[in-house]
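# Summary of structural features
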Amino acid sequence: MILSTVNHDFRYELEKLCRIFLPFEKIEITDTPAEGDNTANTFYKETESGVMLSAELCCFGQKRKESRMVEKGSENLRDLCELALATCLYDCFCDITGYTPPWGVLTGVRPAKLYARLCRKEGKKSAENYFSEKLLVSEEKISLCRETHSLEEKIVNLSRPDSFSLYISIPFCPSRCSYCSFVSHSVEHAKKLIPEYVKLLCEELKITAEYAKQNNLRLETVYMGGGTPTTLTHEQMDMVLKTVREHFDLSHLREWTVEAGRPDTITREKLMVIKNNGVDRISINPQTMNDNVLLAIGRRHTAKQTEEAFHLARECGFDNINMDLIAGLPTDTCESFEQTLDKVIALAPESITVHSLSMKRAATLSTEGELPPAEIGESAKRMVRSARERISAAGIKPYYMYRQSKTVGNLENVGFSLPEKECLYNVYIMDETHTILACGASAVTKLKEPNGDYIERIFNYKYPYEYITRFSELMDRKARINSFYETYRSKN
């Protein structure tokens, strides 16, 4: 599609809006009007009384036009103009496609955070009116924000200005799933890198622990993710976890999670190493309990192996297990997805995370051509609704939520949990509550201003071979942790 932005610079938001309806299309942006089918022309024109915003959409052989006026002198004029123009284009898309996205024109990744901020500033009723009347969010999604916010707020309030969480990246997998866009490498191609990677990761953990001590930071949660951390051998896993235990102050630790991840990587030896090092929460992630769907997405395990891995984890003493699912996978149907939900709920995990399929550029999977985008979105919407109903009926309530770009149906990812079994780290990273010190390839350290909102990022090198060959450069970069906190100490 060609998106023209005439006399304005709202291209970022409008491009994201186009992707709600056309998730598989390449969007070309120009500042001059475009002609023909598959074009979206947007206009900003100042008049004596205000600003006229208009959109003209031509797609699927149909044409629509919408316009709105924003009065001069309006408070937050720029924001109002951007929202008005987005709404014009949104209305055109809804009219032509017959599809009304449940999140309306809201494209941000943290709707619950926006909801919370509006509640604090203007009250719950005003916040919900804004979501409904201005952002065109459905009542179903407003109620999800409302329910999620009540639990998120309690978790956020546990954090202090000196709190931080530790993230550990293991960017290796037994094979690459077709929907995946993370920077991860199959063990088949990267096995020779793992020993040196683990060695340097432990070195980075030691250095990071020292920075935490020098700045009197208080460790609240640890999260080891990937990739699939259990692609490491049990000896390598032990080395990493022991490094954390020996070098970080764990006296205030509230939670320690390891993504055990794919069932075909889980063994008794690895589970016992994880358990014996003090980890109290793990994930076992089937994504689906349908063997045909597993085959379609390139997963080399069966639903039976998922059940076996889950029961093995229980035998090893784990009483806080999360399971991840994905709504909208190719070949999956509403009926087979509901069967997956029933099988997972029957296992009685403490938490279930339901992701909506996101068609990222780096993923090898493409559902393009299978169904019209609106129909794919409608199917995924029914799956997500069914998930909330079934999981909530089992007493497992939503406690955190986030969204991704190019998600089918403009949907969301939601974590559900039993009371007191919520993953605190998930809330902290999404809410940007406090500092995250991150180690490993592709990890991003986020330094949060104490008693403020400013965040500074330190990016680790993406790929394991870069991480290994440029490790000393990376450690020079991470020295910024000390200077960052020194700035705020000097202000006080």
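Heads up: the structure comes first, above all this text.
All values derive from a computational prediction rather than experimental measurement. (Residues numbered from 1 in each chain as written. Predicted model: local features only at pLDDT ≥ 70, side-chain atom pairs only at ≥ 80, totals over all residues. Heavy atoms only, no water.)

## Description of the overall build of the chain
Cut-off, in case you're wondering: Secondary structure follows DSSP: runs of H or I at least 4 residues long count as helices, runs of E at least 2 residues long count as strands, and numbering of each begins at the N terminus. To sort residues, take the accessible area from a 1.4 Å probe on protein chains only and compare it with the maximum for the residue type: under 20% means buried, over 50% means exposed, and anything in between is partly exposed. Two residues qualify as a contact provided that any one of their heavy atoms is within 4.5 Å of a heavy atom in the partner residue. Accessible surface area values rest on a Shrake-Rupley calculation with a 1.4 Å probe, where residue burial reflects the displayed protein chains alone. Residues scored as charged are limited to Lys and Arg (positive) and Asp and Glu (negative), so that His and the chain ends carry no count. For this purpose, a charge sits on NZ of Lys, CZ of Arg, CG of Asp or CD of Glu.
For the chain, the helix and strand inventory stands at 17 helices and 18 strands. With the principal axes as the frame, the chain shows a C-alpha extent of 70 × 60 × 45 Å. Scored against the burial criterion, the 492 residues of the chain give a buried share of 57%. Contacts in the chain between residues at least 24 apart in sequence constitute 72% of all its contacts with a sequence separation of at least 6. Counting every atom, the chain has about 21100 Å² of accessible surface; 48% of that belongs to carbon and sulfur. When the 64 positive and 70 negative side-chain charges of the chain are each reduced to one mean point, those points stand 2 Å apart.

## A few points about the packing of aromatic side chains
Using the following cut-off: Aromatic pairing here means that ring centres of Phe, Tyr or Trp (its six-membered ring) are within 6.5 Å. Orientation follows from the plane angle: under 30 degrees is stacked, over 60 is edge-to-face, and everything else is tilted. Cation placement over rings: the criterion is NZ of Lys or CZ of Arg within 6 Å of the ring centroid and within 35° of the ring normal.
Summed over the entire model, instances satisfying the criterion amount to 17 aromatic pairs. Aromatic ring contacts, followed pair by pair, group Phe-21, Tyr-90, Phe-93 and Tyr-99 into a single cluster. Residue placement shows Lys-275 over the ring face of Phe-318; its charged tip is 5.2 Å from the ring centre. Lying across the ring of Tyr-461, Arg-477 places its NZ or CZ 4.6 Å from the centre.

## Examining the nonpolar core
To keep things clear, this is the line we draw: Only buried residues count toward a nonpolar core, which is a set of Ala, Val, Leu, Ile, Met, Phe, Trp, Tyr and Cys residues joined through side-chain atoms within 4.5 Å.
Judged by nonpolar contacts, the single largest core of 134 residues is most densely connected at Phe-131, Leu-166 and Ile-168. Beyond its immediate sequence surroundings of up to four residues, Ile-168 is in contact with Leu-201, Leu-205, Val-222, Tyr-223, Met-224, Gly-225, Val-240, Val-244 and Cys-439. The next biggest cluster of nonpolar side chains, apart from the first, holds 16 residues, and it includes Tyr-167, Tyr-402, Tyr-428 and Ala-443.

## With respect to the packing of helix H8 (residues 234–247) against helix H9 (residues 268–276)
Threshold: An axis is simply a line fitted to the C-alpha atoms; with a helix, the fit covers only the stretch in contact. Between two such axes, the angle follows the N-to-C directions and lies from 0 to 180 degrees. Between 65 and 115 degrees an angle is taken as roughly perpendicular, under 35 as roughly parallel, over 145 as roughly antiparallel, and anywhere else as oblique. When residue character is reported, Ala, Val, Leu, Ile, Met, Phe, Trp, Tyr, Cys and Pro are called nonpolar, Asp, Glu, Lys and Arg charged, and the others, Gly included, polar.
Two elements in contact, H8 and H9, have axes separated by 9 Å at closest approach and are oriented at 5°. In this view, H8 runs roughly parallel relative to H9, as classed from their interaxial angle. Contact with H8, carried on its side by His-234, Met-237, Asp-238, Leu-241 and Arg-245, involves Glu-269, Lys-270, Val-273, Ile-274 and Asn-276 of H9 and no other residues of that element. The residue makeup of the contact of H8 with H9, split by class, is four nonpolar, two polar and four charged.

## What about the environment of Arg-390?
Our working rule: What qualifies as a polar contact is a pair of N or O atoms within 3.5 Å, subject to a donor-acceptor requirement within protein and to the restriction that residues adjacent in sequence count only when both atoms come from side chains.
Topologically, Arg-390 is positioned in helix H13 (residues 373–393). Separated by 45 residues in sequence, Arg-390 and Ile-345 place their C-alpha atoms 8.4 Å apart. Those residues within four positions of Arg-390 in sequence are excluded, and the remaining contacts are Glu-338, Leu-341, Asp-342 and Ile-345. Separated by 3.0 Å, the side chains of Arg-390 and Asp-342 make a polar contact.

## As for helix H14 (residues 424–431)
Of all eight residues in H14, eight are buried, a share of seventy percent or more. Within H14, the full set of buried residues consists of Leu-424, Tyr-425, Asn-426, Val-427, Tyr-428, Ile-429, Met-430 and Asp-431. Glu-432, located one to two residues past H14, shows a positive phi value of around 55°.

## Quick look at helix H5 (residues 139–156)
For clarity, the cut-off: Any helix carries an expected span of 1.5 Å times its number of residues minus one. Fitting axes to the seven residues that end at a residue and to the seven that start at it, the angle between those axes gives the bend at that residue.
Relative to the 26 Å expected for 18 residues at 1.5 Å per residue, H5 spans 25 Å between its end C-alpha atoms, a close match to the ideal helical length. Of all the bends in H5, the greatest, near 30°, is centred on His-149.

## Overview of the environment of Ser-74
As for its placement among the helices and strands, Ser-74 is situated in the loop between strand E5 (62–71) and helix H2 (77–97). Relative accessible area serves as the criterion here: at 25%, Ser-74 is assigned to the partly exposed category. Sequence spacing of Ser-74 and Gly-50 is 24 residues, and the spatial spacing of their C-alpha atoms is 8.9 Å. Looking at Ser-74, its side chain comes within polar contact range of the main-chain oxygen of Glu-71, at 2.6 Å.

## Points about the pattern of salt bridges
Note on pairing: side chains with opposite charge can pair once their charged atoms come close. Heads up, the condition is: We define a salt bridge as a side-chain nitrogen of Lys or Arg found within 4 Å of a carboxyl oxygen belonging to Asp or Glu.
Here the structure, examined in full by the defined rule, presents 28 salt bridges. Taking the shortest distance from any N to any O, the salt bridge between Glu-147 and Arg-388 comes out at 3.0 Å. Here the residue Glu-147 occupies a position in helix H5, and Arg-388 occupies one in helix H13, the gap between them amounting to 241 residues. One salt-bridge network, in which partners are shared between bridges, spans Arg-110, Lys-113, Glu-432 and Arg-457.

## Some words on the sheet that holds strand E3 (residues 39–46)
Hydrogen bonds between backbone atoms are what pair the strands of a sheet, whose relative direction is either parallel or antiparallel. Applied cut-off: By the convention used here, strands pair only if DSSP detects at least 2 bridges between them.
Taken in spatial order, the five strands make up an open sheet running E2-E1-E3-E4-E5, and their pairing is mixed. The strands lining the two open edges of the sheet, one partner per strand, are strand E2 (28–30) and E5. Within the sheet, the average angular offset between the axes of one strand and its neighbour, ignoring direction, is 15°. The pairing of strand E1 (residues 2–6) with E2 spans three bridges and is classified as parallel.

## Points about the pairing of strand E6 (residues 163–170)
Of all the eight residues making up E6, eight are buried; the element is thus mostly covered by neighbouring parts of the structure. Side chains Ser-163, Ser-165, Tyr-167 and Ser-169 project from E6 onto one buried face, and the interleaved Phe-164, Leu-166, Ile-168 and Ile-170 project onto a second face that is buried too. Summarising the sheet, E6 and strand E9 (residues 218–226) pair through eight bridges and their orientation is parallel. In the sheet register, Tyr-167 faces E9, and the bridge partner there is Tyr-223.

## Describing the pairing of strand E13 (residues 351–356)
Put simply, the rule is: Assignment of crossover handedness uses the view with strands pointing away from the viewer, where a clockwise path from the first strand over the helix to the second indicates a right-handed crossover.
Within E13, six of the six residues are buried, which leaves it mostly tucked inside the rest of the structure. Both faces of E13 are covered, namely the face carrying Ser-351, Thr-353 and His-355 and the face carrying Ile-352, Val-354 and Ser-356. Taken together, the six bridges between strand E12 (residues 321–327) and E13 define a ladder with parallel strand orientation. When the bridges of E13 are listed, Leu-325 appears paired with Val-354. Once you follow E12 into helix H12 (residues 334–347) and on to E13, the crossover reads as right-handed.

## Quick look at the packing of H5 against H14
Where H5 contacts H14, the axes come no closer than 10 Å and their chain directions differ by 95°. Relative to H14, H5 is oriented roughly perpendicular. Taken together, the residues of H14 that come into contact with H5 (itself represented by Glu-152, Ile-155 and Val-156) are Leu-424, Val-427, Tyr-428 and Asp-431. Its residues placed into classes, the contact of H5 with H14 shows five nonpolar, no polar and two charged.

## Side note on the side chain of Asn-41
Looking at the secondary structure, you find Asn-41 in strand E3. Within the structure, the side chain of Asn-41 is placed 2.6 Å from the side chain of Ser-4, a separation counted as a polar contact. Excluding anything up to four places from it in sequence, Asn-41 contacts Ser-4, Pro-33, Ala-34, Ser-54, Ala-55 and Glu-56.

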